[in-house]
Amino acid sequence: MRKRSIGILEIVSRTGHQNWYGRIMRANLASIMPQCVAVWCEQLGHDVAITYHNGPHPLTEPLPDDLDLVIIGAFTQSAQVAYALSNYYRAKGAVTVLGGPHARCYPEDACRYFDYVLGFTDRALIEEVVQECAPHRPRGRYLSAPRQPASLPSVRERWPHIRRLLEKAPLIKVVPMIGSLGCPYTCSFCVDAVVPYQPLDFDEMKADLRFVREQMERPIVGWHDPNFGVRFNDYLDAIEEAVPPGSVEFIAESTLSLLSEPNVKRLQKNGFRAILPGIESWFDMGYKTKTGRTQGQEKVDRVAEQVNMILRHLPYLQANFVLGLDTDEGDAPFELTKRFLDAAPGAFPAYSMLTAFGRSAPLNLEYQRQDRVIPFPFHFLNNNGAMNVRPRNYTWPEFYDRMIDLHAHSFSRRAIANRLRANRGWIPKLMNVVRAVTFEGWGKIRYFKTVRRLLDEDRAFRAFFEQETTEIPPFFVEQIRHDLGWLWDWLPEGALHHDPYAYLKAEGLAAPEVMAQA
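Described in the following lines is the structure provided in the data block. (Residues numbered from 1 in each chain as written. Predicted model: local features only at pLDDT ≥ 70, side-chain atom pairs only at ≥ 80, totals over all residues. Heavy atoms only, no water.)

**Some remarks on helix H20 (residues 474-484)**
Let me state the cut-off plainly: Note on classification: 1.4 Å probe, protein chains only; a residue is buried when its accessible area is under 20% of the maximum for its type, exposed when over 50%, partly exposed between these limits. Secondary structure counts use DSSP, requiring at least four H or I residues in a row for a helix and at least two E residues in a row for a strand, with both numbered from the N terminus. Directions drawn from the helix axis to the C-beta atoms are what define this arc. Any pair of residues with heavy atoms lying within 4.5 Å of one another is described as a contacting pair.
When H20 is considered as a whole, its buried residues turn out to be Phe476, Val477, Ile480, Asp483 and Leu484. For H20, the angular spread of buried residues about the axis comes to 135°, placing them on one side. On the buried face of H20, the contacting elements are helix H3 (79-91), helix H18 (439-457) and helix H19 (459-465). Within two residues after H20, glycine 485 carries a phi angle of roughly 60°, on the positive side.

In structure tokens form, the structure reads like this:
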């Protein structure tokens with residue numbers, strides 16, 4: 001195989017405009033897979049440069065100009081940035097590849113702008129792409145491995161790339177690790193729900209932990225598992241065998257069903273400082289909270305009691321919610337969430353709006369069959385910039401009124417003060433205050449109020465939400481132009497638009513009139 005010059009670029013943010021939280025944490029938001037791809041390419045004997053983009057700006061050193069192949073990793077919210085970068089590097093003579101969540105969710109659209117689009121990716125697939133390294137235009141070539149890889153490069157192998165990124169983290173430096181792929185839960189909206197759960201090698205995990213401790217004094221490890229600790233005792237046995245208790249601090253996303261008090265105490269003993277469980281809904285997904293069929297106020301009481309127990313042992317907890325589900329109706333989902341926050345004031349709430357990410361979940365086919373998917377530009381599909389599924393039980397003004405009210409309650413000065421008193425440690429206190437007064441809190445309230453006003457005042461804006469037109473309102477176009485900066489001039493023609501029914505059409509399930517639509 002001819003030696004290639006390969007650039008690997010991950011987009012860690014769709015915009016370079018940073019609030020205080022972004023300045024503190026953005027360098028820690030990088031994914032593991034681009035680093036793994038870099039290691040695989042190096043093992044195959046190629047010259048590799050890796051960089052991370054913060055919207056239109058490189059967070060680390062920019063890539064060289066004379067590249068044979070550019071591999072870009074992107075979430076859907078960064079798709080327009082990725083499309084512009086692909087166009088830019090194609091103009092320089094490079095072949096371009098897209099991997100990551102957007103490639104899995106929207107392969108039909110991504111193939112319009114990349115030579116290769118990758119689903120599940122392993123070393124053999126990367127070797128095939130690098131060996132061929134040929135332009136595929138106007139339609140790119142979609143490739144996918146049969147399943148997730150059985151193993152990934154170690155932290156030791158990825159360390160040169162991790163170290164360069166950590167140098168850009170000004171205050172908190174988090175080493176990315178992963179112990180499992182896929183998920184045992186079946187949340188209808190989740191991209192990982194259809195991926196079989198697969199633990200990675202525990203001996204390799206132990207070796208990684210020992211290596212990290214050699215490289216850093218009291219390191220922080222962020223587990224990238226969709227749900228950490230499914231095999232709880234195996235995970236904690238491995239951690240306890242590898243490093244002395246408390247010598248490494250950990251952050252993990254888990255589920256309340258795993259967080260019994262004995263387990264939480266064991267997490268505390270072994271240095272876990274932040275946990276991010278999914279509550280999701282007061283009327284659905286009881287298996288994740290171990291509340292079974294319990295719903296409504298009874299579920300609020302049980303979950304609040306458990307969250308308060310967790311916060312007695314761990315200093316930081318982010319409670320994740322999804323709003324706008326088909327089980328939501330009336331004031332109850334929002335009012336119950338407010339009651340939960342009053343009962344568990346130390347929890348930081350993270351709210352997502354129901355979003356159908358293309359092929360990410362079979363349920364998305366049902367939304368498409370019901371003609372409820374709105375072609376919002378990908379730039380806003382970050383779970384809170386836009387809800388691209390028309391709500392079943394609310395008008396748009398009703399939904400946004402409730403979202404504004406919930407956020408105003410969650411991030412009021414009173415709620416921030418209560419959270420501050422309930423938290424322990426200066427880092428949890430700082431992070432929760434900064435998050436509340438920037439975009440996740442006050443900034444989001446301002447944004448939602450603007451959307452709510454335009455729903456009343458701008459007929460064309462409302463018509464887009466009501467699926468009466470596919471013309472993207474100038475309000476959204478101007479935000480994309482602002483966020484892309486110089487990359488706006490490289491955005492390919494038509495790249496703001498996508499077919500929200502591509503999944504349905506590809507499955508041959510669409511009605512003839514839908515199949516005929518552009």
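**Describing the pattern of salt bridges**
Short version of the rule: In what follows, salt bridge is the name for a side-chain nitrogen of Lys or Arg lying within 4 Å of a carboxyl oxygen of Asp or Glu.
A complete count under the given rule lists 31 salt bridges for this structure. Arginine 90 is paired through a salt bridge with aspartate 115; the nearest N and O atoms lie 3.2 Å apart. Of this pair, arginine 90 sits in helix H3 while aspartate 115 sits in the loop between helix H5 (107-110) and strand S6 (116-118); the two residues are 25 residues apart in sequence, bridging distant segments of the chain. For arginine 90, a relative accessible area of 17% translates into the label buried. Ionic pairing is found between glutamate 366 and arginine 369, a salt bridge with its closest N-O pair at 3.1 Å. In this pair, glutamate 366 and arginine 369 are both assigned in helix H14 (residues 363-369), three residues apart and thus about one turn of the helix distant. Under the relative-accessibility criterion, glutamate 366 is labelled partly exposed at 33%. Each of Arg90, Asp115 and Arg137 takes part in one network of salt bridges that share partners.

**Here's the deal with empty space enclosed by the protein**
In plain terms, the rule: Cavities and pockets are found on a 1 Å grid laid over the protein atoms alone: a cavity is a set of points where a 1.4 Å probe fits but cannot escape, a pocket is an open set with protein on both sides within 12 Å along at least five of seven lines, and a lining residue has an atom within 4 Å of such a point. Grid points are joined across faces, edges and corners, and a volume is the space filled by probe spheres set on the points. Only Asp, Glu, Lys and Arg are considered charged in this grouping, and only Ala, Val, Leu, Ile, Met, Phe, Trp, Tyr, Cys and Pro are considered nonpolar; every other residue, Gly among them, is considered polar.
In the structure shown here, the tally under the stated rule is four cavities of 30 Å³ or more. Contributing to the lining of the largest cavity are Ala27, Asn28, Ala30, Gln35, Ile162, Leu165, Leu166, Val174, Pro176 and His224. Mapped onto the lining of the largest cavity, the elements with two or more residues apiece are helix H7 (155-166) and strand S8 (174-177). In terms of residue count, H7 provides more of the lining of the largest cavity than any other element does, three residues in total. Among the residues forming the lining of the largest cavity, the class breakdown is seven nonpolar, three polar and no charged. The calculated volume of the second largest cavity comes to roughly 50 Å³.

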